[in-house]
Amino acid sequence: MRRPSLQAERLAALAPTWQVEILAETTSTNAVCAQRARDGAPEGLVVTTEHQYAGRGRLDRVWEMPPRAALATSVLLRPTLPPERWTWLPLMAGVAVARTIEGRLKWPNDVLLGPELKKVCGILVERIETPAGPAAVLGIGINTSLTPDELPIPHATSLQIERGEEVDRTGVLVTLLAEIADAYALLVHDPEELSADYLALSATVGMRVRAELPSGGALAGTASGIDPYGRLLITQADGLTQAVGAGDIVHLRPLD
Ligand code: BT5
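These numbers were taken from a predicted model, which means no experiment stands behind them. (Residues numbered from 1 in each chain as written. Predicted model: local features only at pLDDT ≥ 70, side-chain atom pairs only at ≥ 80, totals over all residues. Heavy atoms only, no water.)

Taken as a whole, the largest pocket encloses approximately 820 Å³ of empty space. Trp63, Asp110, Lys119, Gly122 and Ile153 are, among the 38 residues lining the largest pocket, the residues nearest its centre. Looking at the lining of the largest pocket, the elements with two or more residues in it are α2 (29-38), β4 (62-63), β5 (70-77), β7 (110-113), β8 (118-130), β9 (133-143) and β14 (248-254). The biggest single contributor to the lining of the largest pocket is β8, with 5 residues. A per-class count over the lining of the largest pocket returns 14 nonpolar, 14 polar and 10 charged. Both domain 1 (8-201) and domain 2 (208-251) contribute no fewer than three residues apiece to the lining of the largest pocket. What the second largest pocket holds in volume is close to 490 Å³. Lining of the second largest pocket is provided by 23 residues; of these, Pro90, Pro108, Val125, Gly245 and Ala246 occupy positions nearest its centre. Looking at the lining of the second largest pocket, the elements with two or more residues in it are α4 (89-101) and β8. Considering each element in turn, the lining of the second largest pocket owes the most residues, 5 residues, to β8. Among the residues making up the lining of the second largest pocket, the classes are represented as 14 nonpolar, 5 polar and 4 charged. A domain split of the lining of the second largest pocket shows at least three residues from each of domain 1 (8-201) and domain 2 (208-251). (1 Å grid on protein atoms, 1.4 Å probe; cavity = no way out; pocket = protein on both sides within 12 Å on 5 of 7 lines; lining within 4 Å. Points joined across faces, edges and corners; volume = space filled by probe spheres on them. Helix = DSSP H or I, 4+ residues; strand = E, 2+ residues; numbered from the N terminus. Nonpolar A, V, L, I, M, F, W, Y, C, P; charged D, E, K, R; others polar. Domains from an automatic or database assignment.)

Right, dumping it as C-alpha cells:
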C-alpha cells in the first residue's frame, strides 16, 4: 500500500511561526531536533518525517510506526518559564494533541480515542541544554492511518480506525501546530486556564488507578487531581494523598 506523502507547500505556508523540516527518513525526530537545538536552531523549528525507524518512548522504550502511516514530529521551544513551570510542557503538549484529534488524556500525556480509550498518540518531551540556554523538544507520535494489523500493541488504535475514513496527515499536522501555539500561549500567560483545560480532557482524574513508579514500586488509589507542578494526585484508601511526578498509570475502573 503506497500512502500519500506530506504536502510540503502547505507546511511551508506556516512560516514564519513554524519552520517545518520534512525528512524522508530518520532514526528519531527528537534526536534530530535536539541536535538542531544544540546547533542554535530557533524556537519554532519543527522536524517531521515520512519514516521514523528508531523512535523513542519514555524510559528507553521504543515507538513504532510504519512509513507514511503516522506523524512523527518534534517541535523546538525555547521557553522563558520559571523552572517549576517546565513540568507543564508535557501536559501542555497533551492538551494540544487532544484538541487536535478530539481525544482524552491519560496522565501525563498519552492521548486516547474510541469507546475503549485506546492509545493513539504518545508524547516524549525532552529538555536539552544548548549554548543559547535550555530548550524543550516536544516529540509527538500520532497514529494517523495504521490498519488494525499494523498496530504494535493491542491497546493501540489509529485515527483512521476510529473515524472509519482516510486521514489527511498534513491537515492533522497543520491543526496540531496551531493548537500547540494556543496551548503554549496559555502556559505562558494563563496557566490556571491551561490547568482547567487539562482537567476537562483528562480520562484519568476520577478513575481508580495504579501508578507504576520508576523506582519499581506501585501506588493504588483514586486519581483526585493535578497539582500546580502537573503531578498526578492519588488519594489512597486511608485518605492520604500523594503526588506522582513520573510513572505509568493503569486505569482500573471509574469511581462508583
Ligand atoms: C510514549 O512513550 O508514548 C512516547 C512516544 C513518543 C514518540 C514520538 S514520535 C516523534 C518523537 N521522536 C521520537 O523518537 N519519539 C517521539 P511511552 O509512554 O514510554 O510508551 C511507549 C510504549 O507505547 C511502547 O513500549 C509500546 O508498548 C507502545 N507503543 C509503541 N508504538 C506505539 C504506537 N505506534 N501506538 C501506540 N502505542 C505504541
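On to empty space enclosed by the protein. Per the stated rule, a full pass over the model turns up 1 cavity of 30 Å³ or more. In this structure, the largest cavity occupies an estimated 40 Å³ of space. As for the largest cavity, its lining consists of Thr49, Glu50, His51, Gln52, Met65, Pro66, Pro67, Arg68, Ala70, Leu71 and Ala72. Of all the elements, β5 adds the most residues to the lining of the largest cavity, at 3 residues. When its residues are assigned to classes, the lining of the largest cavity shows 6 nonpolar, 3 polar and 2 charged.

What follows deals with the sheet that holds strand β2 (residues 45-49). Spatial strand order, β1-β2-β5-β9-β8-β7-β6: 7 strands in an open sheet with mixed pairing. Each having just a single partner strand, β1 (19-23) and β6 (104-106) make up the two edges of the open sheet. The average undirected angle you get between the axes of adjacent strands in this sheet is 25°. Looking at chain direction, β1 and β2 are connected through 5 bridges and run parallel. Opposite Glu21, over in β2, you have Val47 as the bridge partner. The strands that helix α6 (residues 169-189) touches are β1, β2, β5 and β9; relative to β5, the one it contacts most, it runs at about 30°. (Pairing = 2+ DSSP bridges. Axes fitted to C-alpha atoms, helices over the stretch in contact; angles between N-to-C directions. Contact = heavy atoms within 4.5 Å.)

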